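Geometric and topological summary
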Amino acid sequence: MSLVLAVDVGSASVRAGMLDAETGEILAECVEDIRQHRPLRDHVEQSTRDIWQQVCAAARSVVDRLPASVTDHKKLSAIAFDSTCSLTVVPKEGCSAPVGDDSAPEWDIIMWMDHRATGEAAEINAAPEAQNTLEYVGGKVSPEMELAKVKWLFKNKPPAWWDRVDKIFDLPDYLSWRCVGSPREDEKVSRSMCSLVCKCGYVNDPPKHGAPAWDAALLRCLFAPDAAAPSLPSVARILEIFGGSSEPTGGRIQKLGVSCGVAPKDVLASFGCGAIAADTVHVGSSLIDAHAGGVSLCDEREAKVAIIAGTSGCFMGQHPQKVPLAGVWGPYKDAMVPGMWVNEGGLSAMGTAITRALALHPLSEQTGATAAGLGQSLVEYLDGRRPAHEAAVERLVRKNISVYPDFLGNRSPLADPSLTGMVCGLTLDDTEDSLLDLYAAGVFAVSYGVKHVIDAFVAGGYDKLTALSICGGMSSNTLFTESLAAVTGLAVHTLDPSESAGGPMLKGAAVSGAMAASLFPSFDAALKTFTPRTHVAPPPSPRLKDLHARRYAVHLEMLSDQLKYRKMLQED
């Protein structure tokens, strides 16, 4: 009779859920907001103090919402975390090590969406020593990855700053480390295989490269001693801070479902769990948020790609074989279910692409205020205002306004962070009807961005793909799911109304916690219990499929035009 507490830390909020390990049901759930700090262009930061405070608040609220019928008969046996892949700096005791200006010590996280390391990513991609690493990230390191961000810190922070740094984590690993009581001894500090192989440049392909490790030649290239700053940390010191050991193989690295340690009483008390905790509460190895969603939504037959559709979009494919896909991150071994290879495509701007396009309209701010007064986002409000019957949708698809959605660069399949968003067809019309047209064009653009990535999956080896399984904030947007089904020709599985939009991330994390506490005999049993309920969206009519195919052709033309314009402007 066991419970699992799962915590999902997204870009703007913390979601906690208490799950029944017997049924896989989420018994209680709570969301708390977290802050972002944008001191400079392309700089987006967060605070570990703020995030941990909200993690504790969300956990306490979840426990408070549990009925006596649960707390009287079940005990908390496991805790697990997933979060965004944001670089997290832990200073030595009594010190601060902000990632930006020293006058703002609270901001110690470089968010995943922070693009300050674009130049460093390009530097890594151009290095001959990087070839072994690039083979496992779709051919290019992204500025959203931790290796590029650490290189930025190495170039921009003085020796005195590095002297104050104790550890650097990917945020999911920071959360599990904090939950087991923040041990300072390196042998007790774990990092997840998920974070290291997906975001930190760690190579896990023993048949080809031997023991899992960072490429020592690449590290020597990136962190070579500088005559102008001889006091900067050595390669060995960087590895100790970032990988838990001075050796390229790293320290204590754990796959999904392994215990990081036991949550101490003070942490359980801060979560409000002291009265319901079992004698031993294991903390499962952590996951990146998209990978947690992938764990619960993917299958092992290569027939389904999971799409976590929120602020950004992540597309998780799982395959028994190593499948390199150009412009798609991976293949990563053991990043989700042990023994499987993972490919991760994505759109750096998904929900934010729609809101960014809407901000161009003169009625956007006023309508947003109206929506807020009704307790809705602008996107939710507009989606509720549009006619839903097929003839009305067809009219929207035919409108002569188009959006290209790469407002934060292209993550996949082009791996080009310099690409930008575009809008074609703006007029002086400032009515709500024209705002609805722009909204629909933004939704269509995002679905076409997904199509572009999914085509890369199919062309590269996912030839058995028949379905997409969607979760996240946009999973309930019927205009999005309908256009996605129309333009891809695949079955689109959406969450059952009984499931929350963030439930798949909680359930994926719960798999790791439950396995760490030995609540299941196998991953298959855990996955079966924690798989969310879904249903298949209605198939589109042939007419809508044809219209979306035409708009997708416009989408590709807009991309081609942007590249053409760039070349014209760069010519001497």
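Above: the structure in question.
Residues numbered from 1 in each chain as written. Predicted model: local features only at pLDDT ≥ 70, side-chain atom pairs only at ≥ 80, totals over all residues. Heavy atoms only, no water.

As a further point, take the pattern of salt bridges. Counting across every chain of the model gives 33 salt bridges. With its nearest N and O atoms 3.7 Å apart, the salt bridge here joins Glu-123 to Lys-151. Highlighted residues: Glu-123 in helix H3 (residues 118-126) and Lys-151 in helix H5 (residues 146-156), separated in sequence by 28 residues. For Glu-123, a relative accessible area of 35% gives the class partly exposed. Residue Lys-151 is classed as buried on the basis of its relative accessible area, which comes to 6%. Here Lys-199 and Glu-344 are joined by a salt bridge, their closest N and O atoms 3.3 Å apart. (Salt bridge = Lys/Arg side-chain N within 4 Å of Asp/Glu carboxyl O. Helix = DSSP H or I, 4+ residues; strand = E, 2+ residues; numbered from the N terminus. Buried < 20%, exposed > 50% of the residue type's maximum accessible area, 1.4 Å probe, protein only.)

The biggest cluster of nonpolar side chains holds 85 residues, and the ones touching the most others in it are Leu-153, Trp-162, Ile-168, Met-316 and Tyr-332. When residues of this core are assigned to their parent elements, the largest contribution, seven residues, is made by helix H20 (residues 503-516). If sequence neighbours within four positions are ignored, Trp-162 has contacts with Val-150, Leu-153, Phe-154, Lys-157, Ile-168, Leu-232, Pro-233, Arg-237, Ile-238 and Ile-241. (Core = buried A, V, L, I, M, F, W, Y, C linked by side-chain atoms within 4.5 Å. Contact = heavy atoms within 4.5 Å.)

When you tally the buried positions in strand S2 (residues 13-20), you get seven out of eight residues, the bulk of the element. Bridge count for strand S1 (residues 2-9) against S2 is seven bridges, and the pairing is antiparallel. Bridge pairing in S2 links Val-7 to Ala-16. With antiparallel pairing between neighbouring strands as the criterion, S1 and S2 make up a hairpin whose turn holds three residues. Note that S2 and strand S3 (residues 26-33) share seven bridges and pair antiparallel. The partner of Ser-13 across the bridge, within S3, is Asp-33. (Pairing = 2+ DSSP bridges.)

Below, the discussion takes up the sheet that holds strand S6 (residues 87-91). The strand order across the open sheet formed by four strands is S4-S7-S6-S8, and the pairing between neighbours is antiparallel. The outermost strands of the open sheet, each flanked by one partner alone, are strand S4 (45-46) and strand S8 (165-170). Across two bridges, S6 lies against strand S7 (residues 109-110) in antiparallel orientation. Bridging from a neighbouring strand, Leu-87 pairs with Ile-110 of S7. Where H5 meets the sheet, its contacts fall on S6, S7 and S8, and the angle it forms with S6 comes to roughly 45°. (Axes fitted to C-alpha atoms, helices over the stretch in contact; angles between N-to-C directions.)

A few words now on the sheet that holds strand S22 (residues 534-536). Judged by pairing direction, the sheet is mixed, and its seven strands sit side by side in the order S16-S17-S15-S14-S20-S21-S22 without closing on themselves. Across the chains shown, the open sheet's two edge strands, defined by having one partner strand only, are strand S16 (329-333) and S22. Taking the axes of each pair of neighbouring strands and ignoring which way they run, one obtains an average angle of 25° across the sheet. In terms of strand pairing, strand S14 (residues 304-309) meets strand S20 (residues 467-471) through five bridges, oriented parallel. Within S20, the position partnered with Ile-308 by the bridge is Cys-471.

All right, on to helix H15 (residues 364-373) then. For H15, every residue scored as buried is listed here: Ser-364, Thr-367 and Ala-371. End-on, the buried residues of H15 take up no more than an arc of 70°, which puts them together on one face. More than 90 degrees from the buried face of H15, the exposed residues found are Glu-365, Gln-366, Ala-369, Ala-372 and Gly-373. Next to the buried residues of H15 lie helix H14 (351-358), helix H16 (378-385) and helix H18 (432-460). Directly beyond the C-terminal end of H15, a positive phi value near 75° is found at Gly-375. (Arc of directions from axis to C-beta.)

With that settled, the discussion passes to the packing of aromatic side chains. Evaluated as defined, the whole model comprises 13 aromatic pairs. Measuring from ring centre to ring centre gives 5.8 Å for Tyr-174 and Trp-177, while their planes differ by 45°; the resulting arrangement is tilted. Here Trp-177 and Tyr-174 lie together in helix H7 (residues 171-179), a separation of three residues that amounts to about one turn. For the pair Tyr-174 and Trp-177, a shared accessibility class is recorded, and that class is buried. Here a set of aromatic residues connected by ring pairs shows up, and it is made of Phe-154, Trp-161, Trp-162 and Phe-223. Directly above the ring of Trp-152 sits Arg-116, whose terminal nitrogen or CZ lies 4.7 Å from the centroid. (Phe/Tyr/Trp six-rings, centres within 6.5 Å; stacked < 30°, edge-to-face > 60°. Lys NZ or Arg CZ within 6 Å of the ring centre and 35° of its normal.)

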